[in-house]
Amino acid sequence: MFFVLFSSKRCHLLVRGFHVGKHFSNPSTEDIVFKAICVNLRQRKWKLVDQMSSSLTDSIVSRVIREFRTSPELALEFFKWVGEYKSFSHSLESYCTVIHVLVNSRRYVDALSLMKNLMQTKGYSPLEVLETLVDSYEMCLSSPAVFDSLVRACTQIGATEGAFDVIKKLRMEGFGVSIHAWNNFLNHLLNFGEVGRFWMVYKEMVSLGYFENLHAFNLVIYAFCKECKLLEAISQFYRMSKGGIIANVVTFNMLIDGACKMGDIDLALKILRKMRVMTGDFVTPNSVTYNCLINGYCKLGRLSIAEEVQNEMVKIGIEPNLRTYATLIDGYSRNGSLEEAFRLCDDMVGRGLVPNTVVYNSIIHWLYLERDMAGASLLLSDMIKKHVCPDSFTYSILMKGLCRNGYINEALTYHKWILEKNLIEDDFSHNILINYLCKSKNIAGAKQLLGSMFIRGFIPDLSHIWYSN
DNA sequence: TTAGGGTTAG
């Protein structure tokens, strides 16, 4: 019906009028366009919606999205259609409106992707996004989960300070911060190796009266494991049990992995054997549990036991995965049994698993250490042929492999090419090359690389420079 | 939320 009205000449004039002026002189005209779009959108009559597109304003876009809050897919489709096909430049308010709608319908992946786009591509700061989310909060009948999502979006793009700014601002504004947001931030700190700051933020959270949930306890156990404080980690396990929180498989896996990393494989095995009994058959081991244990045995050089553990997992119905094989292949390689490593490669391919970058990196690394240049080159060509993408590990393995076998100039040529292609993500390759250049008394070359590190924002290890000069 | 691969000095 509304379309009929708008298909007239009069409508055409109205539409032109909307397009020229940013604000409506008559609010009811906005209502007419809004309602017309809604009617046609509801019936998926995109062609008719298209005819209204020249009359779109930020206000109408946001209103339409709110109108379709119970049909989030359609709301998102409309939002994307306007942005992509009509090249309409969405305002921050429109973005936030659709984000509220998406979070409320638990479409977190889409909401996170839009938030990340706002901060990474559009250049909005986390606090600017927060402010607009707050402004549109009530009108969108939103929930605090939207703020959790913003903290998550910040941590996902590595914006540590941004995430913490959001938490601080939410507290100041009286919105409160959910335990999920705290946990997400704490997890981010651990993943970035900031254990000291983790404990500061954790203490702050506890002092504010939050009750730790399972995830929070797991993070504390994870932090203790990272600090090699296994006894403290285990004591947290008892503290959570006392508080009525039942550990899950992640809790056990972290303790098992922690024990393995500290070389106490017997304790790791004991935990594995007791986890069912301790939880009344509530928690059973999974592939992660077994992979941790296999890795523990591999690092101790006890390869035959590692394979026995693999057989046990198969027996109880847990399929070995890519990580199981990557662990065993690396275990055999670092123990000088490359033949066994290749046997496992065949085995994994036979099971339908495709060797990835990690598997190639392991074998290439140990081939170089054995001075098998031809073998390493062959595998490098093979990974390129099979479209297995090299990563920063591959490049540093290549640099080290070439240097230690006397091919420093070739390493420098490759490094230059890798830098030109912007493929380097960390400073490992630089450090390796600088070390070998210093050893061969090529201080000018080392200094040149040092400059290249600064340009890329890598912070050199100063102790090195003292030695080389 | 947990599991696999790469560096230097001595």
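This structure is a prediction, so every number in the text was calculated from the model and none was measured.

Rules of the game
- Residues numbered from 1 in each chain as written.
- Chains lettered and ligands numbered in written order.
- Predicted model: local features only at pLDDT ≥ 70, side-chain atom pairs only at ≥ 80, totals over all residues.
- Heavy atoms only, no water.
- Helix = DSSP H or I, 4+ residues; strand = E, 2+ residues; numbered from the N terminus.
- Buried < 20%, exposed > 50% of the residue type's maximum accessible area, 1.4 Å probe, protein only.
- UniProt positions renumbered as here; feature names shortened; annotations may be inferred.
- Salt bridge = Lys/Arg side-chain N within 4 Å of Asp/Glu carboxyl O.
- Domains from an automatic or database assignment.
- Polar contact = N/O pair within 3.5 Å; in protein donor to acceptor, adjacent residues only side chain to side chain.
- 1 Å grid on protein atoms, 1.4 Å probe; cavity = no way out; pocket = protein on both sides within 12 Å on 5 of 7 lines; lining within 4 Å.
- Points joined across faces, edges and corners; volume = space filled by probe spheres on them.
- Nonpolar A, V, L, I, M, F, W, Y, C, P; charged D, E, K, R; others polar.
- Expected span 1.5 Å × (residues − 1).
- Bend = angle between axes of the 7 residues up to and from the residue.
- Contact = heavy atoms within 4.5 Å.
- Axes fitted to C-alpha atoms, helices over the stretch in contact; angles between N-to-C directions.
- Parallel < 35°, antiparallel > 145°, perpendicular 65-115°, else oblique.
- Patch = residues over 30% accessible without salt bridge, like charges linked within 9 Å, V, L, I, M, F, W, Y side chains within 5 Å.
- Areas by Shrake-Rupley, 256 points an atom, 1.4 Å probe, with all protein chains shown as cover.
- Lys, Arg positive; Asp, Glu negative; His and termini not counted.
- Charge placed at Lys NZ, Arg CZ, Asp CG, Glu CD.
- Phe/Tyr/Trp six-rings, centres within 6.5 Å; stacked < 30°, edge-to-face > 60°.
- Lys NZ or Arg CZ within 6 Å of the ring centre and 35° of its normal.

**What about the environment of Arg44?**
Its location among the elements puts Arg44 in the loop between α3 (27-42) and α4 (46-52). In this structure, the C-alpha to C-alpha distance between Arg44 and Leu74, residues 30 residues apart in sequence, is 8.8 Å.

**Some details on unusual backbone geometry**
For Arg44, which is not glycine, the phi torsion reads 55° and is therefore positive. The phi torsion at His387 lies on the positive side, around 60°, for a residue other than glycine. Examined against the element boundaries, His387 turns out to sit in the loop between α23 (373-385) and α24 (392-404). Judged by relative accessible area, His387 falls into the exposed class, the value being 73%.

**As for the UniProt feature "repeat: PPR" (unreviewed entry) in chain A**
Within the UniProt annotation, "repeat: PPR" (unreviewed entry) is assigned to residues 91-126, 213-247, 248-278, 286-320, 321-355, 391-425 and 426-460. With 87% helix and 0% strand, residues 248-278 has its two end C-alpha atoms placed 11 Å apart. Summarising residues 321-355: 74% helix, 0% strand, and an end-to-end C-alpha distance of 11 Å.

**Details of the pattern of salt bridges**
Within this structure, the stated rule accounts for 20 salt bridges. Of the charged contacts, one joins Arg171 and Glu204 as a salt bridge, the two residues approaching to 2.7 Å between their closest N and O atoms. Separated by 33 residues along the polypeptide, Arg171 in helix α11 (residues 160-172) and Glu204 in helix α13 (residues 195-207) bring together distant segments of the chain. We classify Arg171 as partly exposed; its relative accessible area is 38%. Here Glu204 falls in the partly exposed class, since its relative accessible area comes to 25%. Put simply, Asp281 and Arg276 hold a salt bridge, and the shortest N to O gap is 3.7 Å. Under the relative-accessibility criterion, Asp281 is labelled exposed at 53%. Several salt bridges share partner residues, and in doing so they unite Glu30, Asp31 and Arg63 into one network.

**Examining the domain arrangement of chain A**
Many descriptions give the size of an interface as the accessible area lost when the pieces come together. Per the domain assignment, the segments of chain A are domain 1 (26-88) and domain 2 (391-469). Between domain 1 and domain 2, the C-alpha centre-to-centre distance is 55 Å.

**Some thoughts on the environment of Asn183**
For Asn183, the location among the structural elements is in helix α12 (residues 179-191). Here Asn213 takes part through its side chain, which lies 3.1 Å from a polar atom of the side chain of Asn183.

**Quick notes on the layout of surface pockets**
In this structure, the largest pocket spans a volume of roughly 1,200 Å³. What lines the largest pocket is a set of 37 residues, among which Lys261, Asn295, Lys299, Arg323 and Thr327 lie closest to the centre. Looking at the lining of the largest pocket, the elements that each hand over two or more residues are α14 (214-226), α16 (249-261), α18 (287-299), α20 (322-334), α22 (357-369) and α24. Residue composition of the lining of the largest pocket, grouped by class: 15 nonpolar, 14 polar and eight charged.

**Quick word on helix α17 (residues 265-278)**
Taking 1.5 Å per residue, 14 residues should reach 20 Å; α17 reaches 19 Å between its end C-alpha atoms and fits that length. Along α17, the sharpest kink reaches roughly 30°, centred on Leu272. Restricting attention to buried positions, one finds in α17 the residues Ile265, Ala268, Ile271, Leu272 and Met275. As for α17, its buried residues are in contact with α16, α18 and α19 (303-315).

**Details of the packing of α16 against α18**
With their axes 9 Å apart at the nearest point, α16 and α18 run at an angle of 0° to one another. Comparing the axis directions of α16 and α18 gives the class roughly parallel. Along the contact surface, α16 presents Val249, Asn253, Ile256, Asp257, Cys260 and Lys261, while α18 presents Val288, Thr289, Cys292, Leu293, Asn295 and Gly296.

**Some points on a negative patch on the surface**
Side chains of Glu93, Glu128, Glu131 and Asp135 sit close together on the surface and give a patch of like negative charge. A per-element tally of the negative patch places helix α9 (residues 126-137) first, with three residues. Residue position: Asp135 is located in helix α9. Looking at Asp135, the relative accessible area reads 60%, which means it is exposed.

**Looking at the packing of aromatic side chains**
Aromatic ring pairs are described here by two measures, namely the spacing of the ring centres and the angle between the planes. Under the criterion given, the structure shown has 14 aromatic pairs. Judged by centre distance (5.4 Å) and plane angle (10°), the rings of Tyr137 and Phe147 are stacked. Here Tyr137, found in helix α9, pairs with Phe147, found in helix α10 (residues 145-156); they are ten residues apart in sequence, far enough to count as distant. Per residue, the accessibility class of Tyr137 equals that of Phe147, and both read buried. Each ring, one from Phe147 and one from Phe175, has its centre 5.0 Å from the other, and the planes form 70°; the classification is edge-to-face. Here the residue Phe147 occupies a position in helix α10, and Phe175 occupies one in the loop between α11 and α12, the gap between them amounting to 28 residues. We classify Phe175 as partly exposed; its relative accessible area is 32%. Of the aromatic side chains, those joined through ring pairs into one cluster are Phe198, Trp199, Tyr202 and Phe224. One cation-aromatic arrangement involves Arg63 over Phe34; the distance from NZ or CZ to the ring centre is 4.1 Å. Here Arg197 stacks its cationic end above the ring of Phe164, 5.2 Å away from the centre of that ring.

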